[in-house]
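# Architecture and fold: a report
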Amino acid sequence: YVPGDIIQRLRQYDRRISDLNAECVRKLGKLDAALQRCNIRISNYLSTTDSKSYKEVVKRISKGVRDPAELAKAIHKRTVNRCGNDVILASLTGVISETDIDVIRQLSEEVELAQRHKDECQSKMDAICQQYFPDQLQNLQTIPGIKGRSATAIIAEVGSEVSSFEDAAHLVSWAGLKPRNEESAGKIKARSITHGNKYLRKTLIECSWAASKTQGCFFSKFSYTQTVVRRKNKMKVQVAIARKILTAIWFVLHDNAEYRDYKPSSSDIETADE
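Report on the accompanying structure. Predicted, not measured: the structure shown is a model, and the values here were computed from it. (Residues numbered from 1 in each chain as written. Predicted model: local features only at pLDDT ≥ 70, side-chain atom pairs only at ≥ 80, totals over all residues. Heavy atoms only, no water.)

Glancing now at a nonpolar patch on the surface. A contiguous nonpolar surface patch, about 300 Å² in accessible area, is contributed by Tyr224, Val228 and Val229. Relative to the assigned elements, tyrosine 224 resides in helix H11 (residues 218–229). (Patch = residues over 30% accessible without salt bridge, like charges linked within 9 Å, V, L, I, M, F, W, Y side chains within 5 Å. Areas by Shrake-Rupley, 256 points an atom, 1.4 Å probe, with all protein chains shown as cover. Salt bridge = Lys/Arg side-chain N within 4 Å of Asp/Glu carboxyl O. Helix = DSSP H or I, 4+ residues; strand = E, 2+ residues; numbered from the N terminus.)

Our focus in this paragraph is helix H8 (residues 148–158). Where burial is concerned, most of H8 is hidden: 9 out of the 11 residues are buried. Turning to H8, its buried residues number three or more, namely Ser150, Ala151, Thr152, Ala153, Ile154, Ile155, Ala156, Glu157 and Val158. Those residues of H8 that are buried lie in contact with helix H1 (5–37), helix H6 (98–132), helix H7 (134–140), helix H9 (168–175), helix H10 (198–212) and helix H12 (234–255). The first or second residue beyond H8 is glycine 159, which carries a positive phi of 100 degrees. (Buried < 20%, exposed > 50% of the residue type's maximum accessible area, 1.4 Å probe, protein only. Contact = heavy atoms within 4.5 Å.)

With that out of the way, let us pick up the pattern of salt bridges. Think of it this way: side chains of opposite charge can pair up when their charged atoms draw near. Applying the stated criterion across every chain, the model contains 11 salt bridges. Between arginine 11 and glutamate 157 there is a salt bridge, with its nearest N and O atoms 3.7 Å apart. Of the two residues, arginine 11 sits in helix H1 while glutamate 157 sits in helix H8, which places them 146 residues apart along the sequence. On the accessibility criterion, arginine 11 (13% relative accessible area) is buried. Linking arginine 60 and glutamate 56 is a salt bridge whose minimum nitrogen-to-oxygen distance equals 3.2 Å. Remark: glutamate 56 and arginine 60 occur in helix H2 (residues 52–62); sequence separation between them is 4 residues, near one turn of the helix. Note on arginine 60: relative accessible area 22%, which makes it partly exposed.

Below, the discussion takes up unusual backbone geometry. Although it is not a glycine, asparagine 39 sits at a positive phi angle of roughly 70 degrees. The phi angle at asparagine 256 is positive, at roughly 50 degrees, despite the residue not being glycine. By the secondary structure assignment, asparagine 256 is in the loop between H12 and helix H13 (266–273). By relative accessible area, asparagine 256 is classed as partly exposed at 42%.

Moving on, we get to the environment of lysine 30. With respect to the helices and strands, lysine 30 occurs in helix H1. A relative accessible area of 44% places lysine 30 in the partly exposed class.

Looking now at the nonpolar core. With 44 residues, the main nonpolar core has Leu140, Ile143, Ile245 and Ile249 as its most contacted residues. Of all the secondary-structure elements, those providing two or more residues to this core are H1, H6, H7, H8, H9, H10, H11 and H12. The greatest single-element share of this core, amounting to 12 residues, is contributed by H12. Once residues lying within four places of it in the same chain are set aside, the contact partners of isoleucine 143 are Phe219, Ile245, Ala248, Ile249, Val252 and Tyr259. The next biggest cluster of nonpolar side chains, apart from the first, holds 24 residues, and it includes Val57, Ile61, Ile96 and Ile101. (Core = buried A, V, L, I, M, F, W, Y, C linked by side-chain atoms within 4.5 Å.)

Throughout the structure, instances matching the rule amount to 7 aromatic pairs. Ring geometry for phenylalanine 218 and phenylalanine 219: centres 5.7 Å apart, planes at 65 degrees, overall edge-to-face. The class of phenylalanine 218 is partly exposed, set by a relative accessible area of 22%. Phenylalanine 219 gets classed as buried once you look at its relative accessible area, which sits at 2%. (Phe/Tyr/Trp six-rings, centres within 6.5 Å; stacked < 30°, edge-to-face > 60°.)

Attention now goes to the packing of H10 against H12. Helix-helix packing is described using two parameters, namely the angle between the two axes and the distance between the axes. Two elements in contact, H10 and H12, have axes separated by 8 Å at closest approach and are oriented at 105 degrees. When the axis of H10 is compared with that of H12, the two are roughly perpendicular. Where H10 approaches H12, its residues Leu200, Leu204, Ile205, Cys207, Ser208, Trp209, Ala211 and Ser212 are matched on the opposing element by Lys234, Met235, Gln238, Val239, Ile241, Ala242, Ile245, Leu246 and Ile249. Of the residues belonging to the contact of H10 with H12, the class tally is 13 nonpolar, 3 polar and 1 charged. (Axes fitted to C-alpha atoms, helices over the stretch in contact; angles between N-to-C directions. Parallel < 35°, antiparallel > 145°, perpendicular 65-115°, else oblique. Nonpolar A, V, L, I, M, F, W, Y, C, P; charged D, E, K, R; others polar.)

Following this line, the structure appears as C-alpha cells:
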C-alpha cells in the first residue's frame, strides 16, 4: 500500500507526533529524576508528572523558589487534604542548588517546546483533513472511542479510501491485529497478534480503551461480557475491540457513511437463549 502525496504528508505529521510523545515521556522522566536528586518527591503524591500542580511546582523552582511553604501553594487542595499538609511539605523540602535550578528550567523548556510542536503538527493535520477529507473525518468520529486526534491519525495511516484492501480482513491483517494460527500436531503454539503498522495499531488500542468506557455502545457491552462475565484477560479483550473497531473503520470508509451501532435482533436473542 503506497499512499498518495496528501496522505504521505499526513503520515509525516502523525509520526512526528508519535516521536514527540515519546520524547515528552522521556523528558518528564529526566525532569522528575532531577527533582528527586534535590529530594523533591512530590511526584509520589500526584497522579502524573504532567499534572497542573506538578508543572506549577517545576515552574516556581525554575524561577528560584526554594521555600516548601511557597511551593506547597501550587498543590491542589484535594491532594493536600488527601495526603496531609505535613506530608506535602516534607515532599517539597530539599536541597536545591543553582545548577539544579538551571537543569530543571532547561528540561521544563524542552518539554514545553515538544508540546508546542505537537500542537502545531496536529493543527496542520486538522487543516489538511478539513480541506481534503471532511466527510471521512466526520464519519470516523461517529465510531465510539474515535475523536479528532485519532480520526486524523487513522486517515494518515489507512487513507481516505480503502480500495487497496479487498475487505476488512485484509486491512486487519495489514495492521497486525489478526491472531496467529501456529498449531502443530493438535498443539497450539501461539495466538498472539502478527506484525503490522505499529502506528495504526497503537492508535486503535487507545481508541479501544475509550470505546470500552463509552456507555451504551456495543464495544462497552462486549468488554463487560468478556472481562467480567467470562473473566478473560483485559488486555486481550482490548486487542479484540481494536480489531472490531478497525473492521468498522473499513466499512465506514468504504461506504462513506456514518457508523451504526450493532444491536442484536430478536432472532439473535432467541438463538442465544436456546
